[in-house]
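The lines below spell out each chain.
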Amino acid sequence: MTQAVYINCGEFIRRIKMNNVITFPKKMKTLREQIYDRKITDDIRTHLLNELDDLEKYHPNSWDKRFAQDMIKYREKLTDSQIEQLERILQNPILEEEYPDGLEL
């Protein structure tokens, strides 16, 4: 006959973490948080590529298009002005992420 051992949930989770049985996924950072980390992540690159498609269609000679192309290849730490421009260019995906049900005006 087996014995039942009762422990609380917190203790159970602590034991699992200690034994590396299960790894809990880290909370995904929002697009805005990724930008403020001052690096271009793969997620940011994906959104920039999507925005670049729209820019090439509607504004082929714009400064935003050149900036987006440069940022896709950029590997260094972002400056404050680059962060501001990225936020402006990626404002649609940022708002979609922060307000998934849309904004009520």
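Asks: Quick one: what's the story with the overall build of the chain, residue by residue and with numbers?
Replies: Counting its secondary structure elements, the chain contains 6 helices and 0 strands. For the chain, buried positions account for 27% of its 105 residues. When contacts within the chain are restricted to residue pairs at least 6 apart in sequence, long-range pairs at least 24 apart make up 53% of them. Of the roughly 8600 Å² of accessible surface on the chain, a fraction of 52% belongs to carbon and sulfur atoms.

Asks: Help me get a handle on the packing of aromatic side chains, residues and values and all.
Replies: Counted according to the given criterion, the structure contains 1 aromatic pair. Ring geometry for Trp63 against Phe67: centres 5.0 Å apart, planes inclined by 15°, an arrangement best described as stacked. Of this pair, Trp63 and Phe67 both sit in helix α4 (residues 63–73), 4 residues apart, roughly one helical turn. Judged by its relative accessible area of 44%, Trp63 falls in the partly exposed class. Phe67 gets classed as buried once you look at its relative accessible area, which sits at 9%.

What counts as what
Residues numbered from 1 in each chain as written. Predicted model: local features only at pLDDT ≥ 70, side-chain atom pairs only at ≥ 80, totals over all residues. Heavy atoms only, no water. Helix = DSSP H or I, 4+ residues; strand = E, 2+ residues; numbered from the N terminus. Buried < 20%, exposed > 50% of the residue type's maximum accessible area, 1.4 Å probe, protein only. Contact = heavy atoms within 4.5 Å. Areas by Shrake-Rupley, 256 points an atom, 1.4 Å probe, with all protein chains shown as cover. Phe/Tyr/Trp six-rings, centres within 6.5 Å; stacked < 30°, edge-to-face > 60°.

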